[in-house]
Amino acid sequence: MEKKELLYTGKAKKMYATNQEKVLLAEYLNQVTSLNGAKKENVEGKGELNNQITGLIFTYLAEKGVASHYIQEVSKTEQLIREVEMIPLEVVVRNTSAGSFTKRFGIEEGIDLPFPILEFYYKNDKLDDPFINDSHVKMLNVANDEEIIEIKKQALEINAVLVEMFKKIAIRLIDFKIEFGKTADGKIILADEISPDTCRLWDINTKEHLDKDLYRRDLGDIIPVYTEVLERLNNLRINE
Ligand code: C5P
């Protein structure tokens with residue numbers, strides 16, 4: 001595999017073409033951002049942690065029958081992925097109240113929700129990724145009825161697998177954001193990343209935050225807790 005031209009630079013990743021058709025290379029960056037990029041910093045080591053964590057989670061999901069764009073890790077900070085047409089939606093699933101949900105509904109943080117709550121945000125930096133409903137998704141031509149049903153079904157399946165997976169490593173999955181892409185034959189598959197940048201993860205025993213809220217809320221260094229998440233996932237892999 002040869003790394004070719006840079007196609008796109010995002011907030012957390014750079015995307016490169018490769019010499020293989022329909023295969024891209026994602027390089028995970030050390031940049032950490034919040035408030036849609038208004039707050040940003042370089043944190044040495046973050047890229048390699050999220051690359052490896054995403055690889056392990058996507059591999060675990062594949063073993064449970066959830067397809068994704070992930071192919072394989074090629075270096076500590078790089079992974080090969082299938083090229084898909086990204087659907088401009090941030091799909092959030094919540095098991096416990098936290099973050100914007102607590103603000104929007106005036107509910108305190110840490111309350112277990114009676115069932116997983118699924119939310120759509122329109123991925124658009126200029127508009128600050130607004131909260132939207134199914135009608136908006138359709139009106140914006142982001143997805144049709146059938147695709148909306150498929151996205152929701154997959155998001156809830158992914159949540160069920162991830163809740164159980166994290167429970168095995170003493171982590172409570174509070175909420176997370178995922179993105180989907182469409183393959184050339186129109187199949188919708190999980191894409192982007194799943195890491196402590198995109199999930200809220202609380203230690204079951206100590207209630208310690210093992211995710212980007214440490215950065216968002218100036219509570220401490222993310223590297224030790226991201227390393228802890230990676231180590232627990234590696235142990236799970238060895239023990240299963
Ligand atoms: O901020 P909010 O409570 O809506 O975030 C819900 C979940 O989605 C959190 O796990 C957060 O890490 C993730 N998220 C993300 N990227 C965004 C917005 C939220 O990964 N742009």
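The chain is annotated in an unreviewed UniProt entry as Phosphoribosylaminoimidazole-succinocarboxamide synthase of Carnobacterium viridans. The UniProt entry for the chain carries the following comment under Catalytic activity (unreviewed entry): "5-amino-1-(5-phospho-D-ribosyl)imidazole-4-carboxylate + L-aspartate + ATP = (2S)-2-[5-amino-1-(5-phospho-beta-D-ribosyl)imidazole-4-carboxamido]succinate + ADP + phosphate + 2 H(+)".

(A) How the structure looks around the site of the ligand. Inspection of the region around the ligand gives 14 residues, with Gly99, Ser100, Lys177, Thr198 and Arg200 positioned closest. When residues of the shell around the ligand are traced back to their parent elements, those giving at least two are strand 9 (89–96), helix 2 (99–105), strand 12 (171–182) and strand 14 (199–203). Of the residues in the shell around the ligand, the class split is five nonpolar, three polar and six charged.

(B) Highlighting the domain arrangement of the chain. Assigned domains of the chain: these are domain 1 (3–82) and domain 2 (85–221). If you average the C-alpha positions of domain 1 and of domain 2, the two centres end up 18 Å apart. Contacts between the two partners involve 16 residues from domain 1, matched on the other side by 18 residues from domain 2. Secondary structure elements with two or more residues in the side of domain 1 that touches domain 2: strand 4 (31–34) and helix 1 (46–63). Ranked by residue count, the leading element in the side of domain 1 that touches domain 2 is helix 1, at seven residues. Residues that form the side of domain 1 that touches domain 2 fall into these classes: nine nonpolar, six polar and one charged.

(C) Main features of helix 1. For helix 1, with 18 residues, the first-to-last C-alpha span of 26 Å sits near the 26 Å given by 1.5 Å per residue. Counting buried residues in helix 1 gives 13 out of 18 residues, a clear majority hidden from the surface. Looking one or two places after helix 1, you find Gly65, whose phi comes out positive at around 90°.

(D) The arrangement of the pairing of strand 1 (residues 3–9) in detail. In terms of burial, strand 1 is largely open, as just zero of its seven residues are buried. Two elements, strand 1 and strand 2 (residues 13–18), share four bridges in a ladder whose sense is antiparallel. Each bridged residue has a counterpart across the sheet, and for Lys3 the counterpart in strand 2 is Thr18. As consecutive antiparallel partners, strand 1 and strand 2 are separated by three residues.

(E) Spatial organisation of the environment of Val84. Mapped onto the secondary structure, Val84 falls in the loop between strand 7 (78–82) and strand 8 (85–86). For Val84, a count of 22 C-beta atoms within 10 Å gives the class buried. Along the chain, Val84 and Thr183 lie 99 residues apart, while their C-alpha atoms are 4.9 Å from each other. Not counting the four nearest positions on each side in its chain, Val84 is found in contact with His69, Gly181, Lys182, Thr183, Ile189 and Ala191.

(F) Fine view of the pairing of strand 5 (residues 39–42). By the bridge criterion, four bridges tie strand 4 to strand 5 in an arrangement that is antiparallel. Note that in strand 5 the partner of Gln31 across the bridge is Asn42. Counting the residues between successive antiparallel strands, the hairpin from strand 4 to strand 5 contains four residues, one of them, Leu35, with a positive phi of roughly 55°.

(G) Region of the structure containing the UniProt feature "domain: SAICAR synthetase/ADE2 N-terminal" (unreviewed entry) in the chain. Mapped onto the present numbering, the UniProt feature "domain: SAICAR synthetase/ADE2 N-terminal" (unreviewed entry) falls at residues 7–232. Along residues 7–232 one finds 31% helix and 35% strand; the C-alpha atoms at either end are 33 Å apart.

(H) Representation of helix 6 (residues 222–239) in the model. Look at helix 6: 26 Å from first C-alpha to last across 18 residues, which is about the 26 Å you get at 1.5 Å a residue. Within helix 6, burial applies to Ile222, Val225, Tyr226, Val229, Arg232 and Leu233. The buried side chains of helix 6 occupy one side of the element, clustering within an arc of 120° when seen end-on. Turned more than 90 degrees away from the buried face of helix 6, the exposed residues are Pro224, Glu231, Asn235, Ile238 and Asn239. Check the buried side of helix 6 and you find it contacts strand 4, helix 1, strand 12, strand 14 and helix 5 (213–216).

(I) Structural detail: the nonpolar core. Core analysis: the largest hydrophobic core is formed by 49 residues, its most contacted members being Val91, Leu173, Ile178, Leu201 and Val229. The two domains that each donate at least three residues to this core are domain 1 (3–82) and domain 2 (85–221). If we skip the residues at most four places from it in the chain, Val229 touches Ile53, Pro196, Leu201 and Leu210.

What counts, and where the lines are drawn
Residues numbered from 1 in each chain as written. Predicted model: local features only at pLDDT ≥ 70, side-chain atom pairs only at ≥ 80, totals over all residues. UniProt positions renumbered as here; feature names shortened; annotations may be inferred. Near = placed C-beta within 6 Å. Helix = DSSP H or I, 4+ residues; strand = E, 2+ residues; numbered from the N terminus. Nonpolar A, V, L, I, M, F, W, Y, C, P; charged D, E, K, R; others polar. Domains from an automatic or database assignment. Contact = placed C-beta atoms within 7 Å. Expected span 1.5 Å × (residues − 1). Buried ≥ 20, exposed ≤ 12 C-beta atoms within 10 Å, placed from the backbone. Pairing = 2+ DSSP bridges. Arc of directions from axis to C-beta. Core = buried A, V, L, I, M, F, W, Y, C linked by C-beta atoms within 7 Å.

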